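Observations on chain architecture
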Amino acid sequence: MAAAAMDCHQAVTNGGHHKDGDAAEWKQVAELRAVTEAQDPACKDEDDYMLRRFLRARDHNIGKASAMLLKYLKWKPTAKPHGSISEEEVAHELSQGKLCLQGHDRQGRPMIYGFGARHRPSNRDMDEFKRFVVYVLDATVARLPPGQEKFAAVADLKGWGYSNCDIRAYLAALEIMQSYYPERLGRVFLVHVPYVFMAAWKIVYPFIDDNTKKKFVFVSDKELDRTLREAIDDAQLPEMYGGKLKLACEM
C-alpha cells in the first residue's frame, strides 16, 4: 500500500506541480487513492481532483473520505450503466422546464436556475427524477471552465405551494449531490421564498451536511436585485432578474 501511495504521489508531482493546493494535501490524495484502490480498483479511473473533492468533503479524514469514495464507486455503474444519462431517459422531466443551465457568475461558476413551482410530486416518477438530477449535475460539470470545480444556483420559489412540496424528491436530490458530487456546489440563492416553504425547509435542513448548509442563502425581495447583481454580471443575469440574458430552459 505504501508503494502504491508513493506511485500515486509521483504521478501527482511528475511533470511539474499542481497549479493549486499544497503538497501536504496532494500527499493525502495519494494516500486516499492507495487505500481506496486496494478495495476497489475502479478508483484508478478517477482523477486526483475528484479524490481531492471527496477528501475535502470529509475534512481531510482519509478513513471517512475512503468510505465515501467507495460508496460512490459502487453507485456509479448502477446509476449510469451506459456511462451517462441520455435525454430520452429524462424526457418527461426535461419537458417541464423546471431547471435551466445557462450563464456563469462573476467567479466563472456555471449557473443553474430552478423553478420550484414547476415541480409537482403528482407529476414525477422518482426513478426518473433521480436520473434527472444526475443528468443535470453531469451537464453542469461539463460546463465548468478550466480551474473551476464548483457551480452556483438560483432556486426561484415564486408561486410555490403545497402542491409543489416534495420532500422525498428534495432529499433524494440532496443525497445525490452531497454523496456523489461533493464539493461541487458553490452557492444557492433562494429567492421569492413564500412563508409556506419554510415548513418544508425545516424538514430538509437537518439532512444537509454542515459544509453545505452555509452555501444556501435566503434572499429577501428587497435585497434580490443587489444580491444577484453583485454575484452575476449584467450580461449573464437573466432578463427576469433585470439582466440581459435570455433564459431558455433547454440542456
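Residues numbered from 1 in each chain as written. Predicted model: local features only at pLDDT ≥ 70, side-chain atom pairs only at ≥ 80, totals over all residues. Heavy atoms only, no water.

Per an unreviewed UniProt entry, the recorded name for the protein is CRAL-TRIO domain-containing protein, and the organism is Urochloa decumbens.

Some words on empty space enclosed by the protein
For the record, the criterion: Only protein atoms enter the 1 Å grid, on which a cavity is a set of points fitting a 1.4 Å probe that cannot get out and a pocket is an open set with protein on both sides within 12 Å along at least 5 of 7 lines, lining residues being those with an atom within 4 Å of a point. Grid points are joined across faces, edges and corners, and a volume is the space filled by probe spheres set on the points. The way it works is that DSSP assigns letters per residue, a run of H or I at least four long becomes a helix, a run of E at least two long becomes a strand, and they are numbered from the N terminus. The classification used treats Ala, Val, Leu, Ile, Met, Phe, Trp, Tyr, Cys and Pro as nonpolar, Asp, Glu, Lys and Arg as charged, and all other residues, Gly among them, as polar.
Applying the stated rule across the entire model yields two cavities of 30 Å³ or more. Taken as a whole, the largest cavity spans an internal volume of roughly 850 Å³. Taken together, 32 residues line the largest cavity, and the ones lying closest to its centre are Leu 99, Ala 155, Tyr 170, Ala 173 and Phe 216. Elements supplying a minimum of two residues to the lining of the largest cavity: β2 (110–115), α6 (126–142), β3 (151–156), α7 (167–180), β4 (185–191) and α8 (197–204). Looking at the lining of the largest cavity residue by residue, the class counts come to 27 nonpolar, three polar and two charged. In this structure, the second largest cavity spans a volume of roughly 130 Å³. Forming the boundary of the second largest cavity are 14 residues, of which Gln 178, Pro 182, Glu 183, Asp 209 and Thr 212 lie nearest the centre. Counting residues per element, the ones that place at least two in the lining of the second largest cavity are α7 and α9 (210–213).

Comments concerning the pairing of β2
As a reminder, the rule being used: We call a residue buried when its accessible area falls under 20% of the maximum for its residue type, exposed when it is over 50%, and partly exposed in between, using a 1.4 Å probe and counting protein chains only. The pairing criterion is simple: DSSP has to find at least two bridges between the two strands. When the strands point away from the viewer and the connection leading from the first strand across the helix to the second strand turns clockwise, the crossover is called right-handed.
Across the six residues of β2, six count as buried, placing the element largely inside the fold. Burial along β2 is two-sided: the residues Pro 110, Ile 112 and Gly 114 and Met 111, Tyr 113 and Phe 115 are all buried. Both strand β1 (residues 99–104) and β2 contribute to a ladder of four bridges, which runs antiparallel. When the bridges of β2 are listed, His 104 appears paired with Pro 110. In this structure, the hairpin formed by β1 and β2 is closed by a connection of five residues, where Gly 108 is found at a positive phi of approximately 80°. Each parallel crossover has a hand, and for β2 linked through α6 to β3 it is right-handed.

Remarks on the nonpolar core
To be explicit about the condition: Working definition of a nonpolar core: buried Ala, Val, Leu, Ile, Met, Phe, Trp, Tyr and Cys residues. They are joined through side-chain atoms within 4.5 Å. It only takes one pair of heavy atoms within 4.5 Å for two residues to be counted as in contact.
One finds Leu 69 and Tyr 72 to be the most contacted residues of the largest nonpolar core, which totals 49 residues. Of all the secondary-structure elements, those providing two or more residues to this core are α2 (23–37), α3 (48–57), α4 (62–79), α6, β3, α7, β4 and α8. Per-element accounting of this core gives the leading share, eight residues, to α6. Apart from residues no more than four positions distant in its own chain, Tyr 72 is found in contact with Glu 46, Met 50, Phe 54 and Tyr 180. One finds Cys 100, Ile 232, Leu 237 and Tyr 241 within the second-largest nonpolar core, a separate group that totals 15 residues.

Some details on the layout of surface pockets
To locate leftover empty space, one rolls a probe as large as a water molecule over the atoms. Within this model, the largest pocket holds a volume of roughly 230 Å³. When residues of the lining of the largest pocket are traced back to their parent elements, those giving at least two are α3, α4 and α6. By volume, the second largest pocket is sized at about 170 Å³. Lining the second largest pocket, in full, are Trp 75, Ala 79, Asp 127, Lys 130, Arg 131, Val 134, Ala 172, Glu 175, Ile 176 and Tyr 180. Here the residues of the lining of the second largest pocket are counted per class, giving six nonpolar, no polar and four charged.

A short note on the packing of aromatic side chains
Cut-off, in case you're wondering: Aromatic rings from Phe, Tyr and Trp, taking only the six-membered ring of Trp, are treated as a pair when their centres fall within 6.5 Å; an angle between ring planes under 30 degrees marks them as stacked, one over 60 as edge-to-face, and anything in between as tilted. Note on criteria: charge over ring means Lys NZ or Arg CZ within 6 Å of the ring centre, with the direction from the centre no more than 35 degrees off the ring normal.
For the structure shown, the criterion picks out eleven aromatic pairs. Judged by centre distance (4.1 Å) and plane angle (5°), the rings of Trp 75 and Tyr 180 are stacked. One end of the pair, Trp 75, is in helix α4; the other, Tyr 180, is in helix α7, with 105 residues separating them in the sequence. Each member of the pair, Trp 75 as well as Tyr 180, is classed as buried. Seen from their ring centres, Trp 160 and Phe 197 are 5.1 Å apart, and the 85° between their planes marks the pair as edge-to-face. Here Trp 160, found in the loop between β3 and α7, pairs with Phe 197, found in helix α8; they are 37 residues apart in sequence, far enough to count as distant. Like Phe 197, Trp 160 is buried. By way of ring pairs, the aromatic residues Trp 160, Phe 197, Trp 201, Tyr 205, Phe 216 and Phe 218 are connected into one cluster. Residue placement shows Arg 118 over the ring face of Phe 115; its charged tip is 4.3 Å from the ring centre.

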